[in-house]
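A closer look at the structure
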Amino acid sequence: MSEVTHVRRAAVLGAGVMGAQIAAHLVNAGVRAVLFELPAEGAEPNAHVQRAIARLRKLQPSPLATAAHAELLVSANYEQHLEALRECDLLIEAVAERLDIKRDLFARIGPYIAPHALVGSNTSGLSINQLADVLPEAIRERFCGIHFFNPPRYMRLVELTPSEQTAPWVLDQLETFLTATLGKGVLRARDTPNFIGNRIGVFAIMAAMHHADRLGLPFDVVDALTGVAIGRPKSATFRTADVVGLDTLQHVVEGSTERLRDDPWVDYLKLPEWMRRLIKAGALGQKSGAGVYRKLDKEIQVLDADRGDYRPAEPEAAPELQEILGQADAGSLLARLRQAEHPQAQFLWCIHRDMFHYAAYLLAHIADNARDVDLAIRWGFGWQRGPFELWQAAGWRETAAAIQADIDAGRTLAAVPLPDWVHRIETVHKADGSYAPSDGVYRPRSALAVYQRQYFPEKLLGERPAAHGETVFETEAVRLWNLRPDIAILSFKARQHAIGSDVLDGIIEAVDIAERSFRGLVLWQDSEPFSVGANLKQVVAALDADDYPILERTVARFQQATGCLRDSSIPVVGGVRGLALGGGCEFLMHCDHVVAALESYIGLVETGVGLIPAGGGCKELARRAAQLAADGDPFPFLRRYFESVAKASVAKSAREAQTFGLLGPNSTVILHPDEVLHVAQQQAIALAEAGYRPPLKQPLRVAGRDGAATLEAFLVNLRSGGFISAYDYEVAARLASVLCGGDVDAGISVSESWLLHLEREGFMTLLRNQKTRDRIAHTLKTGKPLRN
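Described in the following lines is the structure provided in the data block.

Scoring rules and cut-offs
- Residues numbered from 1 in each chain as written.
- Predicted model: local features only at pLDDT ≥ 70, side-chain atom pairs only at ≥ 80, totals over all residues.
- Heavy atoms only, no water.
- Pairing = 2+ DSSP bridges.
- Helix = DSSP H or I, 4+ residues; strand = E, 2+ residues; numbered from the N terminus.
- Core = buried A, V, L, I, M, F, W, Y, C linked by side-chain atoms within 4.5 Å.
- Buried < 20%, exposed > 50% of the residue type's maximum accessible area, 1.4 Å probe, protein only.
- Contact = heavy atoms within 4.5 Å.
- Expected span 1.5 Å × (residues − 1).
- Axes fitted to C-alpha atoms, helices over the stretch in contact; angles between N-to-C directions.
- Lys, Arg positive; Asp, Glu negative; His and termini not counted.
- Salt bridge = Lys/Arg side-chain N within 4 Å of Asp/Glu carboxyl O.
- Phe/Tyr/Trp six-rings, centres within 6.5 Å; stacked < 30°, edge-to-face > 60°.
- Lys NZ or Arg CZ within 6 Å of the ring centre and 35° of its normal.
- Polar contact = N/O pair within 3.5 Å; in protein donor to acceptor, adjacent residues only side chain to side chain.

**Re the pairing of strand 11 (residues 309-312)**
When strand 10 (residues 299-304) meets strand 11, the two strands line up antiparallel, connected through four bridges. Across the sheet, Leu303 pairs through a bridge with Tyr310, a residue of strand 11. Counting the residues in the hairpin turn of strand 10 and strand 11 gives four residues, including Gly308, whose phi is positive at 70°.

Dropping the structure here:
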């Protein structure tokens with residue numbers, strides 16, 4: 001094996017939609033990225049790249065961890081800066097999806113590629129062997145396909161596709177880098193058109209469109225049937241087409257038709273005529289304002305293809321189908337769909353049947369094993385289960401017989417029989433591996449060292465679940481457990497890990513046990529979210545009973561729970577991925593260290609329900625501002641913190657949470673969510689090894705009534721401009737007073753206990769207000785804030 005290539009600097013060739021976003025994600029991960037494009041005419045040769053970087057700032061969801069990350073991208077062009085390639089450890093080509101353009105570019109840059117560099121193409125389906133042929137021979141073993149899915153920051157899937165000359169160690173190094181550094185789920189594809197994800201996923205979309213047209217189903221009804229109802233994304237089929245762009249979908253579907261001429265289903269891999277007419281008219285979907293759907297004023301409308309006009313969308317399945325889809329058992333669900341005569345039921349059976357048929361026919365050709373296909377569809381298309389999982393859940397042999405019966409009766413899209421291996425096995429996924437038809441074995445998971453950092457990787461149906469450690473202490477609300485003898489792990493058990501009084505009691509007892517028996521404690525949940533915050537149903541129940549004393553005791557108990565994390569005699573490390581809102585955020589703020597996945601969305605959102613943080617969150621922000629104030633004035637920091645909390649803002653990445661003051665600047669941000677627990681345990685060990693002592697409480701200098709008055713003046717302007725309501729003002733003014741230390745002189749020092757007292761007092765005052773009660777009730781009912 002060659003020396004390990006450490007990717008410190010990367011070049012992305014092509015500043016289009018994909019290239020620019022790949023470069024953005026590289027800088028998200030701390031990799032210096034040089035973004036290349038053709039030179040522009042005029043005074044600024046890098047104008048094309050600079051415009052691409054400017055577009056990155058505007059895209060939503062943002063491809064950048066923070067807006068400031070755009071400044072880390074280096075602009076370059078092919079005329080002036082090819083020498084810069086010699087300093088790059090990784091090159092990723094992402095130019096137009098044309099073989100001639102890509103081959104010309106590789107021929108041009110070949111002489112400038114460093115001897116150690118790894119090289120890849122982001123092609124979504126062109127031949128990797130044909131691209132490799134134009135590279136210098138010495139580079140070919142270090143070249144392969146590196147196919148990101150759009151948007152690269154958020155879509156987990158990356159397909160690695162070797163050429164015939166790619167060295168195995170190159171694939172291992174790239175898989176390790178893409179997994180640990182960029183946070184991706186890596187699958188190894190074969191050099192076939194569209195690889196794995198797009199080959200199966202795009203077929204599923206086209207099969208749905210074909211059967212919808214054949215059965216005369218409206219587009220909005222199809223989306224009601226093919227979204228969350230069957231475990232696929234909410235955007236379903238036609239909304240997905242609009243989001244992707246109808247012209248982009250046309251390019252993906254029909255751009256590979258020539259290479260798929262031997263595919264028995266090739267006649268169905270083309271857009272319907274009505275969609276071609278939309279594209280010709282410039283109705284390209286979301287980006288043009290109209291496509292299959294459009295928004296007219298506040299009304300969502302859907303295209304009626306027969307009339308050629310739009311009507312109000314009514315996305316609802318027939319009552320008979322709603323009853324069938326309510327079946328919990330996958331086997332009985334598909335059987336009932338197959339037997340029902342309703343067109344919507346026949347539609348769902350046909351799209352599943354044809355997908356199963358297609359995936360089975362192609363498996364040996366496009367992938368090593370069934371696991372790779374299922375994960376490709378999960379990670380690349382957002383399905384809860386892949387096609388082979390769905391088939392297995394429905395009963396492997398029974399479903400295979402039903403598919404073969406439809407093939408024999410001429411009801412399928414292609415007349416080819418199921419491959420022989422389908423009839424030889426009882427199940428495709430087993431506890432120890434997934435079926436690999438090329439050699440007839442069940443292939444275990446990769447043994448690459450990087451996967452040893454993932455204690456609880458995403459499991460497929462039928463795989464052996466990961467061992468969940470040894471339980472040390474457990475209640476109905478929390479579990480204290482361990483994977484190694486010196487570090488305890490504390491997890492919540494409530495739905496969405498909401499925090500009720502039982503969780504608070506459990507935390508306090510668990511910390512006491514951990515202090516006696518372990519060297520460190522990690523606060524981590526076995527699934528996302530980390531926590532949605534307080535259990536509002538418990539709050540409402542107490543309010544309905546006018547039991548304010550118990551509410552006040554609960555708030556004090558909350559502060560005691562966060563305080564015991566901060567004051568513990570052993571280091572406490574928080575491990576977070578996904579949402580951490582309100583009280584969940586406050587728990588993290590009281591940990592000695594936080595390990596956060598980049599895709600952690602953290603916020604103190606209490607003002608959205610007419611309250612202020614009262615689990616020590618305000619106290620922590622005031623403490624952090626005082627620590628950061630080198631000149632003794634905490635107000636500049638408090639103002640920034642105040643604005644994010646007053647607006648109930650949620651950070652759009654862990655990096656942004658650092659700028660909000662919710663995560664400390666020395667928090668550890670990693671990109672793979674499945675590595676959080678491993679890294680958190682290592683941080684706890686490091687703190688313990690360093691002779692950990694809990695931080696001493698010190699008086700905190702506050703901004704006082706002068707600081708609060710300045711913040712209130714800011715609120716007056718917002719109120720005058722109609723940006724906030726009168727009650728928004730009242731809640732935010734209370735927040736300002738607490739953050740600034742109450743009615744005291746500016747620059748005075750106060751104790752942490754004083755700030756906690758102000759939190760409790762402010763929280764209970766607001767809780768007694770009917771407008772806050774209305775906000776809480778509205779949020780519980782609708783999931784949305786009320787601006788009363």
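Having put the structure on the table, let's press on.
**Quick look at the nonpolar core**
In this structure, Met275, Phe388 and Trp391 are the most contacted members of the largest nonpolar core, which totals 119 residues. Residues within four places of Trp391 in sequence aside, it is in contact with Phe356, Ala360, Trp396, Thr399, Ala400, Ile403, Leu418 and Val422. Counting 93 residues, the second largest nonpolar core, distinct from the first, contains Val539, Ala542, Cys591 and Leu638.

**Description of helix 7 (residues 197-215)**
Its 19 residues give helix 7 an end-to-end C-alpha distance of 27 Å, which sits within 8% of 27 Å, the value for a rise of 1.5 Å per residue. A large share of helix 7 lies buried, amounting to 15 of its 19 residues. Positive backbone phi, at 70°, marks Gly216, one or two positions downstream of helix 7.

**Description of the sheet that holds strand 7 (residues 157-162)**
Strand order across the open sheet formed by eight strands is 3-2-1-4-5-6-7-8, with mixed pairing between neighbours. What marks the edges here is a single partner per strand, and that holds for strand 3 (74-77) and strand 8 (185-188). Neighbour-to-neighbour, the strand axes of this sheet turn through a mean angle of 25°, independent of strand direction. Here strand 2 (residues 32-37) runs beside strand 3; their pairing, made up of four bridges, is parallel. Looking at strand 3, one finds that Phe36 is bridged to Ala76.

**Looking at the side chain of Glu606**
Inspection of the secondary structure puts Glu606 in the loop between strand 20 (593-603) and helix 23 (617-628). Arg775 provides the closest opposite charge to the buried, salt-bridge-free Glu606, at an N-O distance of 12 Å. For Glu606, the residues in contact, after removing those within four places along its chain, are Gly582, Gly583, Glu586, Leu611, Ile612 and Pro613.

**Looking at unusual backbone geometry**
With an omega dihedral of -5°, the bond running from Gln60 to Pro61 counts as a cis peptide bond. Checked against the element boundaries, Pro61 lands in the loop between helix 2 (47-58) and strand 3. Following Asn150, the chain continues to Pro151 via a peptide bond in cis, the omega torsion being 0°. Relative to the assigned elements, Pro151 resides in the loop between strand 6 (143-148) and strand 7. Non-glycine residue Phe195 carries a positive phi angle of around 55°. Within the element layout of this structure, Phe195 appears in the loop between strand 8 and helix 7. You will see that His497, though not glycine, has its phi angle at about 55°, which is positive.

**A closer look at the pattern of salt bridges**
Using the criterion set out here, one finds 49 salt bridges in the structure. Between Lys102 and Glu97 there is a salt bridge, with the nearest N and O atoms lying 3.4 Å from each other. One salt bridge in this structure joins Glu620 and Arg624, with 3.8 Å as the shortest N-O distance. Within this pair, Glu620 and its partner Arg624 are both found in helix 23, separated by four residues, close to a single helical turn. Salt bridges linked by common partners bring Arg156, Arg378, Glu389, Glu458, Arg577 and Asp674 together as one network.

**Overview of the packing of aromatic side chains**
One pass over the structure, following the stated rule, counts 23 aromatic pairs. Both rings, one in Phe388 and one in Trp396, keep their centres 6.4 Å apart while their planes meet at 35°; by these two values the pair is tilted. Owing to a relative accessible area of 0%, Phe388 belongs among the buried residues under this scheme. Centre to centre, the rings of Tyr435 and Tyr442 are 5.4 Å apart; their planes meet at 65°, and the pair counts as edge-to-face. Tyr442 gets classed as partly exposed once you look at its relative accessible area, which sits at 21%. Three or more aromatic residues joined by ring pairs form one cluster here, namely Phe356, Phe388, Trp391, Trp396, Trp421, Tyr435 and Tyr442. The ring of Tyr293 carries the charged tip of Arg239 above its face, separated from the ring centre by 4.1 Å. Of note, Arg768 hangs over the ring of Tyr548, and the distance from its end group to the ring centre comes to 4.8 Å.

**Overview of the environment of Thr779**
Following the sequence through the fold, Thr779 ends up in helix 30 (residues 770-782). Taking the C-alpha atoms as reference points, Thr779 and His81, 698 residues apart in sequence, are found 54 Å from one another. In this structure, Thr779 is in contact with Leu536, Val609, Lys784 and Pro785, ignoring residues within four places of it in sequence. Polar side-chain contacts of Thr779 include one of 3.4 Å to the backbone oxygen of Lys784.

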